[in-house]
Amino acid sequence: MIKGLFMQAVRFYQKAISPAFPPSCRYQPTCSQYMLEALDKHGAIKGSLMGGARILRCHPWAQGGSDPVPDHFSLRVNSDHK
């Protein structure tokens, strides 16, 4: 139930708010898509923590690149993928 509400909020952001701004995410997948995948894979609490950590990592000085949602809970960049 809570996971669904969080996912709806992210989808609302993707459709109603994000298009009004230029693309700025330094990672692939985008931060909002990462949040959806993390919520789906890890549930409401862990998924939202992972998504929040990802948003904090996405800043102008970040190296960026590919950072898929890991299979195991982690608040760090998915180093298994690099």
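Residues numbered from 1 in each chain as written. Predicted model: local features only at pLDDT ≥ 70, side-chain atom pairs only at ≥ 80, totals over all residues. Heavy atoms only, no water.

In the nomenclature of an unreviewed UniProt entry, the protein chain is known as Putative membrane protein insertion efficiency factor of Aerococcus kribbianus. UniProt's Function (unreviewed entry) comment on the protein chain is quoted here verbatim: "Could be involved in insertion of integral membrane proteins into the membrane." Check the Sequence similarities (unreviewed entry) section of the UniProt entry for the protein chain; it says "Belongs to the UPF0161 family." (UniProt positions renumbered as here; feature names shortened; annotations may be inferred.)

Caption draft 1: Just the side chain of H42, in detail. With respect to the secondary-structure elements, H42 resides in helix α2 (residues 31-42). For H42, a relative accessible area of 17% translates into the label buried. Within polar-contact distance, the side chain of H42 engages the backbone oxygen of P70 at 2.9 Å. If we ignore the near neighbours within four places in the chain, the residues touching H42 are G47, M50, V69, P70, D71, H72 and F73. (Helix = DSSP H or I, 4+ residues; strand = E, 2+ residues; numbered from the N terminus. Buried < 20%, exposed > 50% of the residue type's maximum accessible area, 1.4 Å probe, protein only. Polar contact = N/O pair within 3.5 Å; in protein donor to acceptor, adjacent residues only side chain to side chain. Contact = heavy atoms within 4.5 Å.)

Caption draft 2: Representation of the nonpolar core in the model. Core analysis: the biggest nonpolar cluster contains five residues, these being M7, V10, M35, L36 and L39. Broken down by secondary-structure element, the contributors of at least two residues to this core are α1 (2-17) and α2. With three residues, the top contributor of residues to this core is α2. Residue contacts for M35: discarding those within four places in its chain leaves V10, G47, S48, G51, G52 and I55. (Core = buried A, V, L, I, M, F, W, Y, C linked by side-chain atoms within 4.5 Å.)

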